[in-house]
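Per-entry structural report
Okay, here's what each chain looks like letter by letter:
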Amino acid sequence: MYFKRAIDIKLREWADSSTRKPILLRGSRQVGKSTVVDNLGKSFESFVKINFERQPEYNTVFSSNLDVRRIVSQLAAISGKPIEEGTTLLFFDEIQMCPEAIMSLRFFKEELPGLHVIAAGSLLEFALEELPTFGVGRIHSMFMYPMTFDEFLNANGEDLLIKARNEASSETPLPEPLHEKLVSLFRTYILVGGMPEVVASWVANHDYLHCQELQDDILVSYEDDFSKYKKKVDPNLLRATLSSVAFQTGKKFTYSEVGGGYRTNDIKKALDMLMLAGLCMPVTRTDANGVPLGSQADETYRKFLIFDSGIMLRILKMTLGNITELTTEILTENTANLVNRGQLAELIAGLELLRYQSPNIRSDLYYWTRLAKNAQAEIDYIIPFERKILPIEVKAGTKGGMKSLWIFMREKHIENAIRCSLENFGLFDYTDEEDHNAIRKVSICPLYAISMLSGIAKDFIEN
């Protein structure tokens, strides 16, 4: 059964465009890249899929030269299927196994502009690093991640629940039964995560233990890849670094906590490898004085997020021992303790913020922390919104814990902020007595509604 993905709409728009370029679909292993292209292929008269890992004989077609008309003619002859402009989708899967095929993509736009061409692969970023060029300006990249919470809800047949949620606002919060149902499903999403194979298992069986077995298999496949990384990094160091990233979620990454006596420079290389593989997402400190946030970023202050909550929990099992207690707490704990448990809420919020961005760009995440001694303050995420900056705090409840936000808003002269929590939709004011009784306004965006954040912010700020 195919589960709808948000990127389906973008792929359809690309297919219908008269000015399209070949697509390079990028993302970590097993996030569903091949599946979405296979689904798109059903809408074409002819769908030709070349898998360079399973069919290495196709590599020879690209070895002599990169004349795409000759290449297409020979691919059609070998596959026994017509490859024609306007009616065929040509899909190069596991293209990292054939660097010449990557190089050829740049010529399809010029020589066969009417042919629909998509390429995808595992560890593709490593292959791209080793190529002198792969057609900047003539190839369009799309970035893909594990399933969002909205995609998880769709897979579970909760379209009507999504519709009801999307009609809620700070003025008209959800009825309590619907709010509680979304919180319950969000708890499940934390454990299941967004890897398509695991989500499919949950939809079919509702068996957490089987989901965990699949997550363990995925982890093993990733660790098997460590030996394939082109740059020489000790696979044991990669494992240790990945575990340390999971353990340090929510705080500035400290190299010494990796352990094993590894040198800082070696750990930095391991982190670079894990980021290239899409297993770790950096959250970089910014001064947050304005946009673009990247111009004020300091990469020496970074947090890292494991790319999927379900996978992170399985990594933590490797580090912390039996995970059963944590699993029980996620499913049964009161929301205040749940949100603060292991910084899971901050992880999920960051991943959701990243995944709802346009797949046409590689998005970045930023946070802010005060560097002055004896004046600790930190904002979980800073995002640009309509040429301004918008602080996002991930918190449990309405009482306490907001001091950092008030400090930030006072220093940066900001009137509006967002709090992501497991509360219902809402809005509240804060009178800042230290700033001439200035009024700060905070809108509550439930963690299960981060896909609505842009709309919430727009209504909130404009009204």
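Now for a look at the structure at hand. Just so we're clear, the structure is a prediction, and the values are computed from it rather than from any experiment.

Here's the deal with the pairing of strand β2 (residues 46-51)
Burial analysis of β2 places five of its six residues in the buried class, which makes it a mostly covered element. In terms of strand pairing, β2 meets strand β3 (residues 88-93) through six bridges, oriented parallel. Note that in β3 the partner of Val48 across the bridge is Leu90. Once the chain exits β2 it traverses helix α3 (residues 68-79) before rejoining the sheet at β3, and the crossover so formed is right-handed.

Looking at the environment of Glu100
You can see Glu100 is positioned in helix α4 (residues 99-111). Owing to a relative accessible area of 38%, Glu100 belongs among the partly exposed residues under this scheme. Separated by 52 residues in sequence, Glu100 and Val48 place their C-alpha atoms 19 Å apart. With near-sequence residues (within four places) excluded, Glu100 lies in contact with Phe62 and Leu66.

Observations regarding the sheet that holds strand β6 (residues 280-286)
Spatial strand order, β7-β6-β8-β9-β10-β11-β13-β12: eight strands in an open sheet with mixed pairing. The sheet is open, and its two borders are formed by β7 (297-306) and β12 (426-432), each paired with just one other strand. Across this sheet, the average inter-strand angle for adjacent strands is 35 degrees, counted without regard to direction. Pairing of strand β8 (residues 365-369) with strand β9 (residues 378-385) involves three bridges; the strand directions are antiparallel. Each bridged residue has a counterpart across the sheet, and for Trp368 the counterpart in β9 is Ile379.

Digging into the pattern of salt bridges
Should the charged atoms of two oppositely charged side chains come close, the side chains can pair. Taken as a whole and assessed by the stated rule, the structure comprises 28 salt bridges. In this structure, Asp266 and Arg263 form a salt bridge, with 3.1 Å as the shortest nitrogen-oxygen distance. Arg263 sits in the exposed class, given a relative accessible area of 59%. One salt bridge in this structure joins Asp429 and Lys441, with 3.4 Å as the shortest N-O distance. Note that Asp429 is positioned in strand β12 and Lys441 in strand β13 (residues 438-446), a separation of 12 residues in sequence. The partly exposed category is assigned to Lys441, whose relative accessible area is 34%.

Here is what the cut-offs are and how they apply
Residue numbering note: each chain is counted from 1, following its sequence as written. For this predicted model, a pLDDT threshold of at least 70 governs which residues receive local features, and a threshold of 80 or more governs which side-chain atom pairs are given and counted, while totals over whole chains, interfaces and linings are taken from all residues. With hydrogens and water set aside, each side-chain value is computed from the structure's full complement of heavy atoms. The rule is simple: take the accessible area with a 1.4 Å probe, protein chains only, and divide by the maximum for that residue type; under 20% is buried, over 50% is exposed, in between is partly exposed. A run of H or I in DSSP becomes a helix once it reaches four residues, and a run of E becomes a strand once it reaches two; helices and strands are each numbered from the N terminus. Strand pairing follows a simple DSSP-based rule, namely that at least 2 bridges must link the two strands. The definition of a right-handed crossover adopted here requires that, viewed with the strands pointing away, the path from the first strand over the helix to the second runs clockwise. Note on contacts: a residue pair is in contact if any heavy atoms of the two residues lie within 4.5 Å. A fitted line through C-alpha atoms serves as each axis, taken over the contacting stretch for helices, and the angle formed by two N-to-C directions is quoted from 0 to 180°. What makes a salt bridge here is a side-chain nitrogen of Lys or Arg within 4 Å of a carboxyl oxygen of Asp or Glu, nothing more.

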